[in-house]
Amino acid sequence: MKVIEHYDKATEPLISFEIIPPKRGGAVSDVFESLDRVVEAVRPPFIDVTYHAAEATVEEQPDGSLKRVIRRKRPGTIGLCAAILHRYGIDPVPHLICEGFTKEESEDALIELNYLGIHNVLAIRGDNTGSQISLNLNGTVNKYAIDLVRQIQNMNRGEYLEDIINAEPTNFCVGVAGYPEKHFEAPNLDWDIKKLKDKVDAGAEYIVTQMFFDNSAYFRFVEKCRGHGITVPIVPGLKILTTTGHLKTLPKNFYLNLPDELTEQIDANPDHVKQIGVDWAQKQSLELMENGVPGLHYYIMGDPQPALDVIGYLQKK
Ligand code: FAD
């Protein structure tokens, strides 16, 4: 089923998850061990799997010279999505990104997905990892997420990159990302929301937000989006803070603010950071549900237990 159909049919907020593929050489059984627990506890309607651009690194060669090496540390998004569909019968949502991929590679990936019976995609730009330098840019890559949304919608009309007579139209439901605290490159929130509206006008059927820890940022964002004429579901993305290291890495990597109340609680009791993070997410999730959100989308990077603790609490309410 398409993600938008899940939301359309839902009678209560949908609980969904986002996972990342293991690092190259990592065991897929670890992912299944996590997902087995998630599926047993919740049985989500869909599971997102992130995509990762290649990274450029400089590596020393045996003769002492330096060589620029481009490699993808986390391949396997499409394979993992197929495995999720096969193992659990749950709709997988692969993320497709612009960064590090040509339009033709994106088209190839979409053809693979179509053949596998996977008809949902989250269209994302990705961030510059240096690998794009190796690509000849002249129109061969998608610059922004909207360009990828347009490419997918073209395929949904049977328009591939080259003219193909009687090409079979694909049937993808496309989601995109939104930023309650504004994307870091955007000059202001309204400007960013106008760009988001463009993605919706190009065919995005729902929005998943960047993580946030202050619900007022999400509520303000949704109000502004509605004011700009965005009517599609805006699903809050939630991460559970579980280590004191997150106090630095989350704001640095995701350009978000942590509320004073949360940081003060952790400063006063760093040994209990995991419990504080879970309690915070429980409060956040409950308030979001009480305010009629379409769903709660949890980012689980490794251990799903903190998210399962939050959901267990919600199920008792
Ligand atoms: P875009 O929508 O392209 O926007 C990027 C910036 O460009 C914004 O500031 C926007 O306002 C601006 N902009 C848009 N259009 C134009 C235009 N025409 N002219 C000028 N400026 C414009 N990263 C990964 O690598 N893999 C993932 O799987 C992944 N999944 C994610 C899932 C979610 C829910 C979220 C919120 C983020 C995810 N990211 C992922 C991170 C994402 O790649 C970064 O946040 C990236 O910087 C922006 O991606 P985007 O799709 O929002 O970009």
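Above: the structure in question.
Being a predicted model, the structure only gives us computed values, none of them experimental.

(A) Representation of helix 4 (residues 103-116). Spanning 14 residues, helix 4 covers 20 Å between terminal C-alpha atoms, matching the ideal 20 Å at 1.5 Å per step. Of all the positions in helix 4, only Ser-106, Glu-107, Ala-109, Leu-110, Leu-113 and Asn-114 are classed as buried. Projection of helix 4 onto a plane perpendicular to its axis shows the buried side chains occupying an angular sector of 160 degrees, all on one side. Exposed positions of helix 4 whose direction lies more than 90 degrees from the buried face are Glu-104 and Tyr-115. Where helix 4 is buried, its residues contact helix 3 (77-88), strand 5 (91-97), strand 6 (120-124) and helix 5 (145-156). Gly-117 lies just past helix 4 and shows a positive phi near 80 degrees.

(B) Fine view of the site of the ligand. The local shell around the ligand holds 24 residues, among which Asp-127, Tyr-179, His-183, Asp-192 and Lys-199 are the closest. A distance of 2.7 Å separates an oxygen atom of the ligand from a polar atom in the side chain of His-183. Note that an oxygen atom of the ligand is positioned 2.7 Å from one of the side-chain N or O atoms of Asp-192. Of all the secondary-structure elements, those providing two or more residues to the shell around the ligand are strand 5, strand 6, helix 6 (189-201) and strand 8 (206-211). In terms of residue class, the shell around the ligand is made up of 13 nonpolar, 5 polar and 6 charged.

(C) Here's a closer look at the side chain of Ser-106. Topologically, Ser-106 is positioned in helix 4. Among all residues touching Ser-106, those that are not within four sequence positions of it are Leu-96, Ile-97, Phe-101, Asn-142, Leu-148 and Gln-151.

Conventions and cut-offs
- Residues numbered from 1 in each chain as written.
- Predicted model: local features only at pLDDT ≥ 70, side-chain atom pairs only at ≥ 80, totals over all residues.
- Heavy atoms only, no water.
- Helix = DSSP H or I, 4+ residues; strand = E, 2+ residues; numbered from the N terminus.
- Expected span 1.5 Å × (residues − 1).
- Buried < 20%, exposed > 50% of the residue type's maximum accessible area, 1.4 Å probe, protein only.
- Arc of directions from axis to C-beta.
- Contact = heavy atoms within 4.5 Å.
- Near = heavy atom within 4 Å.
- Polar contact = N/O pair within 3.5 Å; in protein donor to acceptor, adjacent residues only side chain to side chain.
- Nonpolar A, V, L, I, M, F, W, Y, C, P; charged D, E, K, R; others polar.

Remember, this is a structural readout, not a statement about activity or role.
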